[in-house]
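Here is what each chain is made of, one letter per residue.
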Amino acid sequence: MTQRVLTTESGAPVADNQNSATAGVGGPILLQDQHLLEKLARFNRERIPERVVHARGSGAYGYFEVTDDVTGFTRADFLSAVGKRTETFIRFSTVADSLGGADAVRDPRGFALKFYTDEGNYDLVGNNTPVFFIKDPIKFPDFIHSQKRDPFTGRQEPDNVWDFWAHSPEATHQVTWLMGDRGIPASYRHMNGYGSHTYQWTNAEGEAFFVKYHFKTKQGVRSLSSEQAAELAGKDGNSHQTDLLQAIERGVYPSWTLYVQVMPAAEAADYRFNPFDLTKVWPHSDYPLRRVGRLVLDRNPDNVFAEVEQAAFSPNNFVPGIGPSPDKMLQGRLFAYADAHRYRLGVNHTQLPVNAPRTAVVDNYGRDGLHATRNGARHDKNYEPNSYAGPAQTGATLSAPLAIHGWTGTHEAPAHTKDDDFFQAGELYRLMSEDEKGRLVANIAKGLSQVTRDDVIEKNLAHFHAADADYGKRVEEAVHALRED
């Protein structure tokens, strides 16, 4: 085998990679040692800013295969025929912790999926829960600040966590999910994924539908108790990463079945609660699950940094036949996600291999900027319209237009007949077995009992009482018992 030659970044061969150049034997290092300076300078710049949220993650490649005809609801090409396969990349993540945190913690899990379709990349950004803590993006920075490390103590503070929730009654549903048995998945393979937001599908006739995505794990849902998670996190902080990596390496390919709930657009205005409220689910009795296809993960990344850390998912990356809804949290994320990647990775992050389209041709007037690799030929123009056969608009919208009316300004979400912050949290509680209820109550009481302000505790207790009388009573008794110890 021919020995490969080590080179500098400019391609020059390296004579010695073991010793720095010095002024004589044992003398000081010379500034002219280009190889040394280049290595140290690159080392200093090997890390990019970690994500503010979803910093710790794992990823894998795979494919999505259509198993059922959904062309009556969407004209998206990658969903156009039974049997059609599309390459995908997925990133799983925890939300609140830093890059150095443990996998086995009580936290929602990110479930971000990139479809490399023939019409461009489609990014579906969701979680392993069908709901979220808030319904308006203006509250998102405050919410994350309350869950992250306190600026003074440098640690996550129960006072901050529960104080925010005390002032955000709409969080009660998601808190019930988080503190329940599914709050700590046993692995990334053993959890469901949800688009969470409401999206719009448009068919070839221009008819619009609102949809919610549900990825049901074929491995079965498995979770960890608080005690099991604490033990596992202490033994192996990389438990979920290790599990995903090893399963795929040994040929045990994780898979999920995709279902959607479909609501004709005309039914949204008069639905009994706001169908675009991210803190609520659509009952399956109203809109049953329709099977679409299956997601299979069959290849690990070759380089975690290049392909997982630099993977960029933006929910504004739509394809023809799929678009946004009036979901306010989704609307905020249409900007925030793409902007976060421009900050972390640069304006040309879409040219990185993991983010670049596979078959679709990118042809636009974007030029220059950090790490630009696609600047066009010498005669290509960087403006439009032009007289030089440059790319031109199609005039065909990706999705149906959203009707709007009323005055500009800051408004609360429109009230529907059954809008309520607590009912669905109570419904979720009442679906649980007695053992599940006991663990839920214990998990909530463990955190809430550490809060130092009585008024914050009482505000949170009022939310659980409003969701279900038994729920509130049991949480209150458990909190008081712990505070008396």
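No experiment lies behind these values; they were computed from the predicted model shown. Residue numbers run consecutively from 1 along every chain, following the written order of its sequence. Per-residue local features of the predicted model are confined to residues with pLDDT of at least 70, and side-chain atom pairs are confined, for both listing and counting, to 80 or more; whole-chain, interface and lining totals are unaffected and use all residues. Excluding hydrogens and water, the side-chain figures rest on all heavy atoms present in the structure.

*Asks:* Any chance you could explain the pattern of salt bridges here in plain terms?
*Replies:* Pairs may arise between side chains of opposite charge once their charged atoms sit close together. Think of a salt bridge as a Lys or Arg side-chain nitrogen and an Asp or Glu carboxyl oxygen that are within 4 Å of each other. Inspection of every chain in the model, using the stated rule, returns 28 salt bridges. Salt-bridge contacts for Lys84 lead to Asp77; the nearest nitrogen and oxygen are separated by 2.7 Å. Three exposure classes are used, based on accessible area relative to the maximum for each residue type with a 1.4 Å probe and protein chains only: buried under 20%, partly exposed in between, and exposed over 50%. Note on Asp77: relative accessible area 25%, which makes it partly exposed. Here Asp454 and Arg483 are joined by a salt bridge, their closest N and O atoms 2.7 Å apart. A residue pair is termed long-range when its members are at least 10 positions apart, and Asp454 in helix α11 (residues 454–467) and Arg483 in helix α12 (residues 469–484) qualify at 29 residues. Exposure remark for Arg483: the relative accessible area of 33% places this residue in the partly exposed category. A single network of salt bridges, built from pairs that share partners, joins Lys135, Asp277, Lys280 and Asp421. By definition, any uninterrupted DSSP run of H or I lasting at least four residues is a helix, any uninterrupted run of E lasting at least two residues is a strand, and each is numbered from the N terminus.

*Asks:* So what exactly am I meant to see when it comes to the UniProt feature "domain: Catalase core" (unreviewed entry) in the protein here?
*Replies:* Sites flagged by UniProt as "domain: Catalase core" (unreviewed entry) map to residues 7–392. For residues 7–392, the helix share is 21%, the strand share is 19%, and the end-to-end C-alpha distance is 43 Å. UniProt positions are given in the numbering used here, feature names are shortened, and annotations may be inferred rather than shown by experiment.

*Asks:* Any chance you could explain the domain arrangement of the protein here in plain terms?
*Replies:* Size of an interface: often given as the accessible area lost when the parts come together. Domain segmentation is taken from an automatic or database assignment of domains. For the protein, the domain assignment lists domain 1 (57–176 + 183–351) and domain 2 (422–484). Of note, the centres of domain 1 and domain 2, computed from C-alpha atoms alone, are 27 Å apart. Here a residue-residue contact requires only that any non-hydrogen atoms of the pair lie within 4.5 Å. Listed by partner, the interface residues are 19 residues for domain 1 and 21 residues for domain 2. Considering only the side of domain 1, the residues that lose the most area to domain 2 are Trp162, Thr172 and Thr176, jointly responsible for 39% of the buried surface there. Pairs of N or O atoms within 3.5 Å make up the polar contacts considered here, provided that, within protein, one atom can donate a hydrogen while the other can accept it, and that residues adjacent in sequence are counted only when both atoms are side-chain atoms. Summed over the shared surface of domain 1 and domain 2, the result is seven residue pairs in polar contact (both at pLDDT 80 or more). Tallying contributions element by element places helix α3 (residues 158–166) first for the side of domain 1 that touches domain 2, with six residues. All amino acids are sorted into three groups, where Ala, Val, Leu, Ile, Met, Phe, Trp, Tyr, Cys and Pro are nonpolar, Asp, Glu, Lys and Arg are charged, and the leftover types, Gly among them, are polar. Here the side of domain 1 that touches domain 2 is composed, by residue class, of eight nonpolar, seven polar and four charged. Accessible surface is computed with a 1.4 Å probe, and the buried area is the amount of it that two parts give up when combined, taken over both parts together.

*Asks:* Got a minute to help me understand the layout of surface pockets in this structure?
*Replies:* In this approach a probe as big as a water molecule rolls over the atoms, and the regions it shows empty are the leftover space. Of the pockets and cavities examined, the largest pocket occupies roughly 1400 Å³. Only protein atoms enter the 1 Å grid used here, on which a cavity is any set of points holding a 1.4 Å probe that cannot leave and a pocket is any open set flanked by protein within 12 Å on both sides along at least five of seven lines; residues with an atom within 4 Å of a point are listed as lining. Looking at the largest pocket, it is lined by 36 residues, and the ones nearest its centre are Asn274, Pro326, Glu412, Ala413 and Pro414. Taken together, the residues of the lining of the largest pocket break down into 16 nonpolar, nine polar and eleven charged. Computed from the structure, the second largest pocket encloses a volume of approximately 1000 Å³. A breakdown of the residues in the lining of the second largest pocket according to their chemical character gives 18 nonpolar, seven polar and eight charged. Taken domain by domain, the lining of the second largest pocket gets at least three of its residues from each of domain 1 (57–176 + 183–351) and domain 2 (422–484). Grid points are joined across faces, edges and corners, and a volume is the space filled by probe spheres set on the points.

*Asks:* Teacher, can you tell me more about the nonpolar core here?
*Replies:* One broad rule of soluble globular proteins: the nonpolar side chains tend to lie buried together. Residues Phe133, Trp162 and Trp165 are the most contacted members of the largest nonpolar core, which totals 40 residues. Counting residues per element, the ones that place at least two in this core are α2 (140–147), α3, α4 (172–179), α9 (423–431), α10 (434–448), α11 and α12. Formed jointly, this core draws a minimum of three residues from each of two domains, domain 1 (57–176 + 183–351) and domain 2 (422–484). Those residues in contact with Trp165 that lie beyond four places of it in its chain are Phe133, Phe143, Gln147, Ala171, Val175, Leu178, Met179, Asn460 and His463. Residues enter a nonpolar core if they are buried and are Ala, Val, Leu, Ile, Met, Phe, Trp, Tyr or Cys, with the set joined through side-chain atoms within 4.5 Å. Phe64, Phe78, Leu113 and Val211 belong to the second-largest nonpolar core, a separate cluster that totals 37 residues.

*Asks:* Mind showing me how you'd approach the pairing of strand β1 (residues 57–66) here?
*Replies:* Two faces, one strand: in a regular strand the side chains alternate between the faces of the sheet. A large share of β1 lies buried, amounting to ten of its ten residues. Of the two faces of β1, the one lined by Gly57, Gly59, Tyr61, Tyr63 and Glu65 and the one lined by Ser58, Ala60, Gly62, Phe64 and Val66 are each fully buried. Paired strands, as defined in this entry, are two strands with at least two bridges between them according to DSSP. Of the strand pairs in this sheet, β1 and strand β2 (residues 85–94) are connected by nine bridges, and their pairing is antiparallel. Each residue of the ladder has a partner; that of Gly57, found in β2, is Ser93. With six bridges connecting them, β1 and strand β9 (residues 290–299) associate as antiparallel partners. What sits directly across from Tyr63, in β9, is Val296.

*Asks:* Please clarify how the environment of Pro414 should be interpreted in this entry.
*Replies:* Checked against the element boundaries, Pro414 lands in the loop between α8 (328–345) and α9. Put simply, Pro414 and Val262 are 152 residues apart on the chain and 21 Å apart in space, counted from C-alpha to C-alpha.

*Asks:* Help me understand α4, please; the structure alone is not making it clear to me.
*Replies:* An α-helical segment advances 3.6 residues per turn. Residues three or four places apart therefore align on the same side. Extensive coverage of α4 is indicated by the burial of eight of its eight residues. When α4 is considered as a whole, its buried residues turn out to be Thr172, His173, Gln174, Val175, Thr176, Trp177, Leu178 and Met179. Those residues of α4 hidden inside the fold are in contact with α3, β5 (193–194), α9, α10, α11 and α12.

*Asks:* Honestly, empty space enclosed by the protein in this entry has me stumped. Any pointers?
*Replies:* This model, assessed by the stated rule, comprises five cavities of 30 Å³ or more. Within this model, the largest cavity holds a volume of roughly 60 Å³. What lines the largest cavity is simply Asn128, Trp177, Arg182, Pro185, His190, Met191, Asn192, Tyr194, Val221 and Ser223. Class assignment of the residues belonging to the lining of the largest cavity gives a composition of five nonpolar, four polar and one charged.

*Asks:* Just to check I follow, could you spell out the pairing of strand β6 (residues 199–202) for this structure?
*Replies:* Because side chains alternate across β6, one face comprises the buried residues Tyr199 and Trp201, and the other comprises Gln200 and Thr202, equally buried. Where β6 meets strand β7 (residues 208–217), four bridges bridge the pair, whose relative direction is antiparallel. The residue of β7 that forms the bridge with Gln200 is Phe210. Hairpin connection between β6 and β7: a loop of five residues separates the two successive antiparallel strands, and Gly206 in this loop has a positive phi of roughly 85°. Judged from the two bridges that link them, β6 and strand β10 (residues 322–323) form a sheet pairing that is antiparallel. Bridge pairing links Gln200 to Gly323 in β10.

*Asks:* Mind showing me how you'd approach the environment of Val82 here?
*Replies:* By secondary structure assignment, the location of Val82 is in the loop between β1 and β2. The exposure class assigned to Val82 is exposed, which follows from its relative accessible area of 56%. Sequence-distant contacts of Val82, that is, excluding residues within four places in its chain, are made with Val66, Thr67, Asp68 and Asp69.

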